[in-house]
Amino acid sequence: MGKLQGKTIVLGVCGGIAAYKAAALTSKLTQAGADVRVIMTESAVQFVAPLTFQTLSRNPVFVDTFDERDAAVVSHIDLADSADLIVVAPATANMIAKLALGLADDMLSTTLLATEAPVWVAPAMNVHMYAHPAVQLNMQTLAGRGVHFIEPGEGQLACGYVGKGRLAEPEEIAAVIERFFAGAGCLAGRHVLVTAGGTVERIDPVRYISNDSSGKMGYAIAEEAARMGATVTLVSAPTALPCPPGVRLVPVQSALDMREAVLERLPHSDLVVKAAAVADYRPATAAERKLKKQSETMTLELVKNPDILQEIGECKTGQFVIGFAAETNDVDQHAMDKLQRKNCDLLVANDVSQAGAGFGVDTNIVRIFDRSGMVEALPIQSKKEVARRLLELAASRMAAVGAAAEPEGEL
């Protein structure tokens, strides 16, 4: 049985010489058990005949939005709804721009706009086109919306240039898709505890101390953990975000509230992800009534909050613990120091001064560390994509520890 058995994959093929690789990708996905539905742009038809894809996928190929073959359905909506995943390979600069702007003027762009399935984009174009600021901005926009990218390779391009822009090989694209679906159940049976948001430390009933955290990273982790089959509890400071489907939300306000909620649930958790930005200090006293202006200056006494991550590290009894470090300088040094001090299994660090990696945005640029040093550096991508990769790493390491702990059978 193929690794993609029972999965419906819509393959979008755009106009470019790399369209011939899409035929090989269709074959590989079909052989892996997927039901592949191909949509070609009119430009793609200039490079490869639809009959090629029809023969390889054993399904009709769609090109014209108005070529409705089944009166019972609207084709682009039916394709959008039936897809477990959509992959666009090759994706031209033009199609990437359409998707970023929400344009829908052909069969493929209309289907992409209508789908709620995960979308993977494999760009292929001239090296200078790929590096153009407009293309890079469009890709960043899409990454922020949760679109996944399969980076092009470097090498000899059909135009004669040598550089980045060559479509990833069909084997690589197929492997990425297989890993995506394989990860869907990798946390089944696990209890995951996630913290998110910036804590609120009250000065009086109308004023407080907080930070710029939006909670987007923690919420993305909770959502992905649930997708991977885990039972997820999200302990969240105030945010403007809706609770992800299938996740139990525990709303809190202050660092003390979060500490109580986390430590209460720690014994029943297998994986703890401390993505919240917890205030280091709180006002020594919180006034019961609004403080009135009395003088030109005001002195506010702050006291240190408990370090929740450190407490978890000190009292954990087998839980896999992931910490976060938002830095503005010496990222690697601070990350390794924090990982050791807090007894984390993995630590995710980012330079929040970098564009696309700070608070409140939909993307992130992170470096993941363990006790041996950096495990992986992730380029700018959506926080959902960062969450997916982080949880895959955690799941594989937890599984390895579990396998090593299993007693050997009797001889």
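Residues numbered from 1 in each chain as written. Predicted model: local features only at pLDDT ≥ 70, side-chain atom pairs only at ≥ 80, totals over all residues. Heavy atoms only, no water.

Novice: Explain the overall build of the protein to me, please; I cannot follow it from the model alone.
Specialist: A tally of regular secondary structure across the protein gives 13 helices and 19 strands. C-alpha extents for the protein along the principal axes are approximately 75 × 75 × 50 Å. Split into buried and exposed, the 411 residues of the protein put 49% on the buried side. Surface exposure of the protein reaches about 20000 Å², of which carbon and sulfur atoms provide 51%. Across the protein, the mean location of the 38 positive side-chain charges is 4 Å away from that of the 48 negative side-chain charges. (Helix = DSSP H or I, 4+ residues; strand = E, 2+ residues; numbered from the N terminus. Buried < 20%, exposed > 50% of the residue type's maximum accessible area, 1.4 Å probe, protein only. Areas by Shrake-Rupley, 256 points an atom, 1.4 Å probe, with all protein chains shown as cover. Lys, Arg positive; Asp, Glu negative; His and termini not counted. Charge placed at Lys NZ, Arg CZ, Asp CG, Glu CD.)

Novice: Is there a simple way to think about empty space enclosed by the protein in this case?
Specialist: A probe as big as a water molecule, rolled over the atoms, marks out the empty space that is left. Using the criterion set out here, one finds one cavity of 30 Å³ or more in the structure. Every residue lining the largest cavity is listed: V88, A91, M95, I96, L99, V121 and L142. Elements that contribute at least two residues to the lining of the largest cavity include exactly β3 (85-91) and α4 (93-101). Tallying contributions element by element places α4 first for the lining of the largest cavity, with three residues. (1 Å grid on protein atoms, 1.4 Å probe; cavity = no way out; pocket = protein on both sides within 12 Å on 5 of 7 lines; lining within 4 Å. Points joined across faces, edges and corners; volume = space filled by probe spheres on them.)

Novice: Quick question: what am I supposed to make of the packing of aromatic side chains here?
Specialist: In this description, an aromatic ring pair is defined by two values, namely the gap between the centres and the angle between the planes. Enumeration over the complete set of coordinates arrives at two aromatic pairs. When the centroid spacing of 5.5 Å and the interplanar angle of 75 degrees are considered together, the rings of F180 and F181 count as edge-to-face. By relative accessible area, F180 is classed as buried at 5%. For F181, a relative accessible area of 14% translates into the label buried. (Phe/Tyr/Trp six-rings, centres within 6.5 Å; stacked < 30°, edge-to-face > 60°.)

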